[in-house]
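Close look at the chain arrangement
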Amino acid sequence: MKYILHIDCDAFYASCEEIRNPKLKKKPMAVGGLTNKSIITTANYEARKFGIHSAMPVFMARDLCPNLILVKVNHPYYKDKSIEVFSLVRQYARVFEQVSIDEAYIEVDLENPLDFAKNLQEEILTKTHIPISIGISYNKFLAKLASDWNKPYGIKYIGKDDVGDILPNLPVGKVHGIGRRATEKLNRIGIYKVADLLKLDKIFLEELFGKGGDYIYGVIGGIDERPVNPTRDRKSIGKERTFSKNTNEVEILKKYLRKISDLIEIEMIKKDIQAKTVSIKLKDENFRNQTRSLTLQEPIYLANDIYDEAVNLLNEVFKGEYIRLIGISLSSLSARDMNQLSFL
Ligand code: TTP
Ligand code: MG
């Protein structure tokens, strides 16, 4: 039978740090900035017992747990670990969609999804030392809800028969499509649980949520038609930056191309795609745009490759004028195949 699984790493950045420094295990630890004014990015499960969570200011976390160990964020390392984990996961998937650095949906044909999930969890832990939680269901919303159910190192299956028990008790903020602001709005009018929402009719939901109302009406009834989608249907991926002060220094322009390439790589990895066409855009002080593109023999997705191609294009088009904006865009996108990943 066809199942959708949502795989989400447990305390991801913190788990990565525990691999590098096993002494951190079983001690309350958080990843984030180190000064009191900075923010916790994530905390291991020991630290969560003290009430520490993502987005909490460091001073507050230290108040809650004076022994808290803080580790500075190191994105490139987490990205490498993410590739390790998800290149294993995707081998089992008929369809694979990575949605962020630590989570992916897969579609699989299975006889026994619970056994499969248990084996996958063990394999990932043994080979990468990252604990993952797995949610199994027949659509994306329920699979994601399920992966969060028994964290950490949890597995949960939500079948069609379970929906009637699970959904009504769910706080509205857990419904896909209902964000923090909408939750506050609903709470203000006395709506806390999905059961409260289920009493409303569709027209009322459409008034509350606008275009999203129709989708939310489906989701609270256990219906979510979004497919697991490896390319997410994007025609191009681009980022640009406007300078606070116009510049004609090539080194500054290159520095920005570097930053933009890094950001694009993160997105390419998240979406599991590659690109064959690289374009750069420059806007000069008189708001004149210049673009230059190049289509490559082989698709790329790594920051270094994107950067090298962007610098070549910059050298062709930049004549020393003052620039106010620079950008890179990648197009001719395709899903990255497994062979390429396994060489990383
Ligand atoms: P999450 O999966 O939301 O959190 P988590 O993996 O740390 O913990 P859980 O076991 O509950 O899944 O996010 C994945 C990583 O993304 C997380 O380790 C750090 C990062 N992150 C941020 O940078 N900012 C944030 O606000 C959140 C929530 C996470
Ligand atoms: Mg996670």
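Once that is clear, we can look at the overall build of the protein. Helix and strand counts for the protein come out as 14 helices and twelve strands. Across the 344 residues of the protein, 46% fall into the buried class. Long-range contacts, defined as pairs at least 24 residues apart, comprise 65% of the intrachain contacts of the protein with a sequence gap of at least 6. Only carbon and sulfur atoms are counted for the fraction: they give 51% of the accessible area of the protein, which is about 17800 Å².

Within the structure, ligand 1 sits among 13 residues, and A11, T42, Y45, R48 and D102 are positioned closest to it. Within the contact set of ligand 1, an oxygen atom lies 2.9 Å away from a side-chain nitrogen or oxygen of D8. Within the complex, the protein chains bury 66% of what would otherwise be the 560 Å² of accessible surface of ligand 1.

A word on the layout of surface pockets. Where empty space is left can be seen by rolling a probe of water-molecule size over the atoms. In this structure, the largest pocket encloses a volume near 430 Å³. The wall of the largest pocket is formed by 15 residues, among which S15, E18, K25, K26 and P131 lie closest to the centre. Sorting elements by how many residues they give to the lining of the largest pocket places helix α1 (residues 12-20) first, with three residues.

Here we come to helix α5 (residues 113-128). Here α5 contains 16 residues, and its C-alpha end-to-end distance of 22 Å stays within 8% of the 22 Å for a straight helix at 1.5 Å per residue. Listed in full, the buried residues belonging to α5 are P113, F116, A117, L120, Q121, E123, I124 and T128. All buried residues of α5 project into a common sector of 165° when viewed along the axis, lining one side. Opposite the buried face of α5, by more than 90 degrees, sit the exposed residues N119 and T126. Of the surrounding secondary structure, the elements contacted by the buried residues of α5 are β1 (2-9), α1, α4 (75-89), β6 (103-109), β7 (132-137) and β8 (155-157). Between a side-chain oxygen at the N-terminus of α5 and the backbone nitrogen of L114 the separation is 3.2 Å; the capping residue is N112. Once α5 finishes, H129 follows within two positions and takes phi at roughly 70°, a positive value.

With that settled, the discussion passes to the sheet that holds strand β3 (residues 40-43). Strands sit in the order β3-β2-β4 across an open sheet of three strands; the sheet is mixed. In this open sheet, the two edge strands, each paired with only one partner strand, are β3 and β4 (69-72). Taking the axes of each pair of neighbouring strands and ignoring which way they run, one obtains an average angle of 30° across the sheet. In this sheet, β4 lies alongside strand β2 (residues 29-32) in parallel orientation, the contact comprising four bridges. Bridge pairing links V31 to V71 in β4. Relative to β2, α1 is tilted by about 110°, and along the sheet it contacts β2, β3 and β4.

For the magnesium ion (ligand 2), every protein donor is listed as D8 (OD), C9 (O) and D102 (OD), and the spread of their distances is 2.0 to 2.3 Å. Its six donor atoms give the magnesium ion (ligand 2) angles of 79 to 176° at the centre, a pattern that matches the octahedral case. Read in sequence order, the donor residues coordinating the magnesium ion (ligand 2) give the pattern D-C-x92-D. Here the two residues D8 and C9 agree in accessibility, since each one is buried.

Definitions and limits used
- Residues numbered from 1 in each chain as written.
- Chains lettered and ligands numbered in written order.
- Predicted model: local features only at pLDDT ≥ 70, side-chain atom pairs only at ≥ 80, totals over all residues.
- Heavy atoms only, no water.
- Helix = DSSP H or I, 4+ residues; strand = E, 2+ residues; numbered from the N terminus.
- Buried < 20%, exposed > 50% of the residue type's maximum accessible area, 1.4 Å probe, protein only.
- Contact = heavy atoms within 4.5 Å.
- Areas by Shrake-Rupley, 256 points an atom, 1.4 Å probe, with all protein chains shown as cover.
- Near = heavy atom within 4 Å.
- Polar contact = N/O pair within 3.5 Å; in protein donor to acceptor, adjacent residues only side chain to side chain.
- 1 Å grid on protein atoms, 1.4 Å probe; cavity = no way out; pocket = protein on both sides within 12 Å on 5 of 7 lines; lining within 4 Å.
- Points joined across faces, edges and corners; volume = space filled by probe spheres on them.
- Expected span 1.5 Å × (residues − 1).
- Arc of directions from axis to C-beta.
- Pairing = 2+ DSSP bridges.
- Axes fitted to C-alpha atoms, helices over the stretch in contact; angles between N-to-C directions.
- Donors = N, O, S within 2.8 Å, 3.2 Å for Na, K, Ca; no water.
- Tetrahedral: all angles 85-135°; square planar, octahedral: opposite > 155°, others 65-115°.

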